[in-house]
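Commentary on secondary and tertiary structure
Single-letter residue listing:
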Amino acid sequence: MDERPMRTCRLAFVVPSEGEVSGDEEGGVEWRDVSCYVTDDASLVVHRNGDDPRVYSLSHAPTGRLIPTEATGSPDPLIELAGRLARMTDWAALDATTGIDELSPRVRRRILAELDRFNCRIRLESGASGRCRV
């Protein structure tokens, strides 16, 4: 895991609204520089979760939005997922407010199906009960 190349990325994290925060005016969002694992697409970054550093997350770097995935204790599955997602669309061109909703229905379905497969696999590997619908 440590041999993976890393770089510094700027990502948005939601911060509590009470008390003084150094966030911007966008509803308690603060941009932070974090260490990210390099993926095939610089617009998709894998990093330690802002709420729980034992968990890794996949984010859209231009907007800081989290890609909805199951929690993983290693960056490797998310790096592989980022590689598959990178081949589906130009992530750097996605608008910050609409995300994948602006893509064609066909591409959106492919991306959501890939995320469903990934989440199902992670749940099954963690021993979670239930069935997956992919």
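Quantities reported herein were computed from a predicted structural model and do not represent experimental measurements. (Residues numbered from 1 in each chain as written. Predicted model: local features only at pLDDT ≥ 70, side-chain atom pairs only at ≥ 80, totals over all residues. Heavy atoms only, no water.)

**What to know about the environment of Ile79**
Heads up, the rule is: Runs of H or I in DSSP of at least four residues are treated as helices and runs of E of at least two as strands, each being numbered from the N terminus. When accessible area is computed with a 1.4 Å probe and restricted to protein chains, residues below 20% of their type maximum are described as buried, those above 50% as exposed, and intermediate ones as partly exposed. Contact between two residues is taken to exist if any of their heavy atoms lie within 4.5 Å; hydrogens are not considered.
Here Ile79 lies in helix H1 (residues 76-86). When its relative accessible area of 9% is taken as the criterion, Ile79 is described as buried. Expressed as a C-alpha distance, the spacing of Ile79 and Val38, which sit 41 residues apart in the sequence, is 7.8 Å. When neighbours within four sequence positions are excluded, Ile79 is seen to be in contact with Arg4, Tyr37, Val38 and Val46.

**A short note on helix H2 (residues 105-125)**
We apply this condition: To estimate how far a helix should extend, the number of its residues minus one is multiplied by 1.5 Å.
End to end, H2 covers 30 Å across 21 residues, agreeing with the expected 30 Å (1.5 Å per residue, within 8%). Those residues of H2 lying buried are Val107, Ile111, Glu114, Leu115, Phe118, Asn119, Cys120 and Ile122. Summarising the contacts, the buried residues of H2 are in contact with H1. Directly after H2, the chain includes Gly127, whose backbone phi takes a positive value near 85 degrees.

**A few points about the packing of H1 against H2**
The following threshold applies: All axes are obtained by fitting lines to C-alpha atoms, using only the stretch in contact for helices, and the reported angles, taken between N-to-C directions, cover 0 to 180 degrees. Roughly parallel means an angle under 35 degrees; roughly antiparallel means over 145; roughly perpendicular covers 65 to 115; every other angle is labelled oblique. Left-handed describes a crossing whose near helix is turned anticlockwise from the far helix through less than a right angle; right-handed describes the clockwise counterpart. Each residue is assigned to one of three groups, with Ala, Val, Leu, Ile, Met, Phe, Trp, Tyr, Cys and Pro labelled nonpolar, Asp, Glu, Lys and Arg labelled charged, and all others, Gly among them, labelled polar.
Running from amino to carboxyl end, H1 crosses H2 at an angle of 165 degrees, the nearest separation of the two axes being 11 Å. Taken together, the axis directions place H1 and H2 in an arrangement best described as roughly antiparallel. At the point where H1 passes H2, the crossing takes the right-handed sense. The segment H1 lies against H2, with Pro77, Leu78, Leu81, Arg84 and Leu85 engaging Ile111, Glu114, Leu115, Phe118, Arg121 and Ile122. Broken down by class, the residue content of the contact of H1 with H2 amounts to eight nonpolar, no polar and three charged.

**A few points about the sheet that holds strand S1 (residues 6-14)**
Rule in force here: Pairing between strands is defined by DSSP: at least two bridges between them are needed.
Across the sheet, five strands lie side by side as S1-S2-S3-S4-S5; this open sheet has antiparallel pairing. The open sheet has two free edges, formed respectively by S1 and strand S5 (65-66), since each of these has just one partner strand. Taken together, the two bridges between strand S2 (residues 29-37) and strand S3 (residues 44-48) define a ladder with antiparallel strand orientation. Within the sheet, the bridge partner assigned to Tyr37 lies in S3 and is Val46.

**Comments concerning the state of the cysteines**
Just so we agree on the cut-off: Our working definition of a disulfide is a cysteine sulfur pair at a distance within 2.5 Å.
In the structure shown here, the tally under the stated rule is one disulfide. Note on cysteine connectivity: Cys9 is disulfide-linked to Cys36, with sulfurs 2.4 Å apart. Of this pair, Cys9 sits in strand S1 while Cys36 sits in strand S2, and the two are 27 residues apart along the sequence.

**Let's talk about the packing of aromatic side chains**
Which entries qualify depends on this criterion: Pairs were defined over the aromatic rings of Phe, Tyr and Trp, the Trp ring being its six-membered one, requiring ring centres within 6.5 Å. Orientation was assigned from the angle between planes: stacked under 30 degrees, edge-to-face over 60, tilted for the rest.
This structure, assessed with the given rule, holds one aromatic pair. Measuring from ring centre to ring centre gives 6.0 Å for Tyr37 and Tyr56, while their planes differ by 65 degrees; the resulting arrangement is edge-to-face. Remark: Tyr56 occurs in strand S4 (residues 56-60) and Tyr37 occurs in strand S2; sequence separation between them is 19 residues. In terms of burial, Tyr37 and Tyr56 fall into one category: buried.

**Considerations on the side chain of Ser43**
Convention followed: For this analysis, a polar contact is any N or O atom pair within 3.5 Å, provided that within protein one partner can donate a hydrogen and the other can accept it, and provided that sequence-adjacent residues contribute only side-chain to side-chain pairs.
Considering the arrangement of structural elements, one finds Ser43 in the loop between S2 and S3. Within the structure, the side chain of Ser43 is placed 3.2 Å from the backbone nitrogen of Ala92, a separation counted as a polar contact.

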